Amino acid sequence: MYPLYYAIIIVLSITALVGTVVIAKNMDKSENQLTPEEDLQHLKSDNKDQGSIPLLSTIYAITFVITIILIWIFIF
């Protein structure tokens, strides 16, 4: 049964890593497409764009909760 738990943990960790890399690449693409003037205007603007931080937080929160559950299964 333990190999199944290890497989689940590995899959979850890889999923979180891939999600993080994909989000980072998408953010990098959008930042590289701006001209310096557009970048300056974007920095000056007062928009409430949170970017990908909520998505990353969700990915890590889900991974953390599932990892805690699996650790609880191992201990108890």
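The preceding data block contains the structure.
Residues numbered from 1 in each chain as written. Predicted model: local features only at pLDDT ≥ 70, side-chain atom pairs only at ≥ 80, totals over all residues. Heavy atoms only, no water.

**Q** Break down the overall build of the protein for me, with residues and values.
**A** On a plain count of helices and strands, the protein comes out with three helices and zero strands. Reading the protein from its N terminus to its C terminus gives the helix and strand order α-α-α. Across the 76 residues of the protein, 11% fall into the buried class. (Helix = DSSP H or I, 4+ residues; strand = E, 2+ residues; numbered from the N terminus. Buried < 20%, exposed > 50% of the residue type's maximum accessible area, 1.4 Å probe, protein only.)

**Q** Quick rundown of the environment of Ile73? Include the residues and the values.
**A** Note that Ile73 resides in helix 3 (residues 53-75). Between the C-alpha atom of Ile73 and that of Tyr5, which follows or precedes it by 68 residues, the distance is 9.1 Å.

**Q** I'd like to hear about a nonpolar patch on the surface, residue by residue, with values.
**A** Together, Phe64, Val65, Ile68, Ile69, Ile71, Trp72, Ile73, Ile75 and Phe76 give the surface a local cluster of nonpolar side chains, amounting to about 960 Å² of exposed area. Considering the arrangement of structural elements, one finds Phe76 in the segment after helix 3. For Phe76, a relative accessible area of 69% puts it in the exposed group. (Patch = residues over 30% accessible without salt bridge, like charges linked within 9 Å, V, L, I, M, F, W, Y side chains within 5 Å. Areas by Shrake-Rupley, 256 points an atom, 1.4 Å probe, with all protein chains shown as cover. Salt bridge = Lys/Arg side-chain N within 4 Å of Asp/Glu carboxyl O.)

**Q** Which residues make up the side chain of Thr63, and what are the values?
**A** Here Thr63 lies in helix 3. For Thr63, a relative accessible area of 15% translates into the label buried. Of the polar contacts made by the side chain of Thr63, one reaches the backbone oxygen of Ile59; its length is 2.9 Å. Other than its neighbours up to four places away in sequence, Thr63 contacts Leu12 and Ala16. (Polar contact = N/O pair within 3.5 Å; in protein donor to acceptor, adjacent residues only side chain to side chain. Contact = heavy atoms within 4.5 Å.)

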